[in-house]
Amino acid sequence: MTEMVVGAEVGRRGTPSPPPPPPQALLERLKDYGQEDAFALWDELSPEERDLLVKDIESLDLPRVDRIIRCSLGSQGAYLPAVEPVPESSVSTVEVRTLEDRERWWKRGLKAISEGKLAVVLLSGGQALQQTTVVKMEEESKAQESGHGESAATQRTRPFRRFVVGSYDARIYNDGAPSVVCALQQFGPPHFIITLLSLADKLSTRVTSHTRRSSVQGHVVGLAMAQGLGSSSDPKGCFHIGLPSGKSLFQIQAERILRVQRLAAQSNDAGFVPPIPWYIMTSPFTDEATRRFFERHKNFGLEVDQVTFFQQGTLPCVSSDGRFIMETPYKVSKAPDGNGGLYSALKSSKLLEDMAMRGVRYVDCYGVDNALVRVADPTFLGYFIDKGVATAAKVAYPQEKVGVFVQRGRGGPLTVVEYSEMDASMTTEINQSTGRLRYCWSNVCLHVFTLDFLNQVANGLEKDSIYHLAEKKIPSIHGYTTGLKLEQFVFDAFTYAPSMALFEVLREEEFAPVKNANGASYDTPDSARLMLLRLHSRWVVAAGGFLTHSIPLYLTGVEISPLCSYAGENLEGICRGRTFHAPCEISF
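Calculation rules
- Residues numbered from 1 in each chain as written.
- Predicted model: local features only at pLDDT ≥ 70, side-chain atom pairs only at ≥ 80, totals over all residues.
- Heavy atoms only, no water.
- Axes fitted to C-alpha atoms, helices over the stretch in contact; angles between N-to-C directions.
- Helix = DSSP H or I, 4+ residues; strand = E, 2+ residues; numbered from the N terminus.
- Parallel < 35°, antiparallel > 145°, perpendicular 65-115°, else oblique.
- Contact = heavy atoms within 4.5 Å.
- Nonpolar A, V, L, I, M, F, W, Y, C, P; charged D, E, K, R; others polar.
- Polar contact = N/O pair within 3.5 Å; in protein donor to acceptor, adjacent residues only side chain to side chain.
- Phe/Tyr/Trp six-rings, centres within 6.5 Å; stacked < 30°, edge-to-face > 60°.
- Buried < 20%, exposed > 50% of the residue type's maximum accessible area, 1.4 Å probe, protein only.
- Lys NZ or Arg CZ within 6 Å of the ring centre and 35° of its normal.

Enquirer: What's the story with the packing of helix α4 (residues 99–114) against helix α12 (residues 378–387) in this structure? I'm lost.
Expert: Pairs of packed helices are described in terms of their axes, by the angle between the two and the distance that separates them. Relative orientation of the contacting elements α4 and α12 amounts to 90°, with a least axis distance of 6 Å. Considering their axes alone, α4 and α12 lie roughly perpendicular with respect to each other. Only Pro 378, Thr 379, Leu 381, Gly 382, Tyr 383, Ile 385 and Asp 386 of α12 make contact with α4, whose side of the interface consists of Arg 102, Arg 104, Trp 105, Trp 106, Arg 108, Gly 109, Leu 110, Ala 112 and Ile 113. Residue classes in the contact of α4 with α12 are distributed as nine nonpolar, three polar and four charged.

Enquirer: Help me understand unusual backbone geometry, please; the structure alone is not making it clear to me.
Expert: With omega at 0°, the peptide bond leading from Ala 582 into Pro 583 counts as cis. Inspection of the secondary structure assignment puts Pro 583 in the loop between β26 (579–582) and β27 (584–586). With a phi angle near 60°, Lys 350 is a residue other than glycine that sits in the positive phi range. Position of Lys 350 among the secondary structure elements: in the loop between α10 (342–348) and α11 (351–358).

Enquirer: For this particular structure, what's the right way to read the environment of Ser 499?
Expert: In this structure, Ser 499 sits in the loop between β22 (479–487) and β23 (500–504). Spatially, the C-alpha atom of Ser 499 lies 6.9 Å from that of Thr 391, the residues being 108 residues apart in sequence. Beyond its immediate sequence surroundings of up to four residues, Ser 499 is in contact with Gly 388, Val 389, Ala 390 and Thr 391. Among the polar contacts made by the side chain of Ser 499, one reaches the main-chain amide nitrogen of Ala 390 at a distance of 3.2 Å.

Enquirer: In this structure, what is going on with the packing of aromatic side chains? I would like to understand it.
Expert: The geometry of two aromatic rings is summed up by the distance between their centres and the angle between their planes. Applying the stated criterion across every chain, the model contains 18 aromatic pairs. On the numbers, 6.0 Å between centres and 70° between planes, the contact of Trp 105 with Phe 503 is edge-to-face. Highlighted residues: Trp 105 in helix α4 and Phe 503 in strand β23, separated in sequence by 398 residues. The two residues Trp 105 and Phe 503 agree in class, both being buried. Arranged with centres 5.3 Å apart and planes meeting at 80°, the rings of Phe 294 and Phe 309 form a pair that is edge-to-face. In this pair, Phe 294 sits in helix α9 (residues 287–296) while Phe 309 sits in strand β11 (residues 307–311), placing the two residues 15 residues apart along the sequence. Residues Phe 294 and Phe 309 agree in their burial class; the two are buried. Through pairs of rings, three or more aromatic residues link up here, namely Phe 250, Trp 278, Phe 293, Phe 294, Phe 300 and Phe 309. Over the ring of Phe 503 we find Arg 97, and its NZ or CZ is 3.8 Å from the ring centre.

Printed below as a string of C-alpha cells:
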C-alpha cells in the first residue's frame, strides 16, 4: 500500500516529489532586472503560496519599476542649483492686498465656478494601519491557565491592528467593543508598553486605562478605548476633532463645496451651476474604508456622480542596492508612492480626460488633514486666473518645522525645500528690509493648477522617474529591516511650471492641521478644533452677535456650519443682536 504524505506532492514511491520550477519566462524577466531573489524561497512554498507569489510579481510593471529604482538611486548626490529666497513679485501678501483686489478675485472665481471650470482634488491616501485577521498564533497556555487567555480558534478569527517599535511587535485586537487586548509577539520591556500606549493614542485612540500581565509571548496589555475619534485604522478624513456638531473632516469639506456651489449660483443670473467635481485620491490601504464612509453618509449631500474615488499607486520597497524586499516569502513589500503619486494616478485612471470632458480648466488640490481648508476658494481661484500662471500655492508664515518655498537658482523655478534639508542659517536668517525670515513662505499643501499643466506634469514626472528615497523600517521575512520607500510629492510638479505665483494666507484663518495626537505641542485635534471655534467666534462678533460661555473663551467658541457661511459672509441675518452660548453649532 502506498504511503500517503499529507501536505506534500507525492511521487510514485511515496516520497515527496520536487516542486515544479518557477515560470521560466517570469524568472527570466526578473533576472533582466536583477530581481530574481524574489523566487529565492520558491521550493519552500505551498502550491497556493506559489500562485500568490506569481500573481504578485505579475502585477508589477517591471520595466517601469526598474526605471524608477535606477533613476532614483542614480539621482542621489546629483548637483542642484543653490536656493534663493522667493522674489517678492511672486507673492501676494496679506498686507498689500486691497479690499478691491479681494472682491474682484472673489467675483472672478465664482464666475469660473458657475461656468463649471473648476474641479477639486482631495489627497486622502497614505498607508493606514490595516484591520486584518490573525493567521497564526502561538498557544498561550500560561495565560489561559491564569484565566486571561482565549482559545486558539478565537484568536485566529479576531481582527487586530499591528504596531511595531524597533524589534518589538504588538497586535491590538478589536472586536468592535470599547475595550481591546493587545498581545505582544515578542517579550517587550516596560518602556515598550509605554511606547505602545503612546502609539495607540497617536492614532486617535484615547487610552483611559491599561493593565499588564504575563503570557508566554510577553505582556498582554488591556486598553480601554474612549469612543469619539473613530477607529485607529480609519482614514483621517473620517475623524471628527471634537466639534459641537461632531462632523468629520470629510463632512466639513463636502459642506464647504456645497456652500461654494450655492454662492456661485447666487452670483449667476441663471441661478444654477454645474456641480463641482470632487476627485478623492485614496490608497489601497484607505480606499475601501473611505468609500464605505461616503456611502454611509450619502455623500454628505453631494450628487453621486459628483464624487469620484481613485487610488494612488504603490511601489516595491527596496534595499540600498535596489533589490525588492520580500514582506513574506510570497509577497513583495510595497508602500504608497507619496502624495505626488497624484499625477500618475490621474493619468492612468483617465481622470484628466474626464475633467476635460466636463469642461474643467482649473484644479484645486489640498490635503485632507486641514480643518480650516477653504475648498474651492473663489478668492484664490480668481487670483490664480488673474495672474495667468500655470500653478499657484497658498503659503503661510512658518510657526513650526515645515518645508518652505525657495527659488532654485537665480531666475529658476519655485520649489519646496523640506525642513530636514535646510541648514540652520536658512531657518533663522532675517530679511533686514522686511523683518521677516528670508525663507518665510511655508508649504501648507493648498494648490491650484491649470488642467493643461497637470497633463504636462503627469508626462514629465513619468519620463524623468525620479522619486524621493525615504529610509524606513520595512516589514520583511527577516522581521523589520531598514530599507527604502520610493515617493513623489505634490510639490515636485512645481519645477516643471513655466510660471507660478504664491498667495499668503493667515494661518489662524486657513491652516489648522491635524497631524499629531492630543498631548503633542502642536497640530493636534484639540488645537485644530480651537482654531476653528475661535475663527467662527470672531465671525459671529463681526456680524453683530454676542457670546456667553461657562468656561474661559480661549478654551471654547462657536462652530458655524459651512452650509451657513463659507468665509464669514451671510451671517448678519443669523447673528445680529442674538446671543450664543459657547460651545455650540450655528446652523440653519
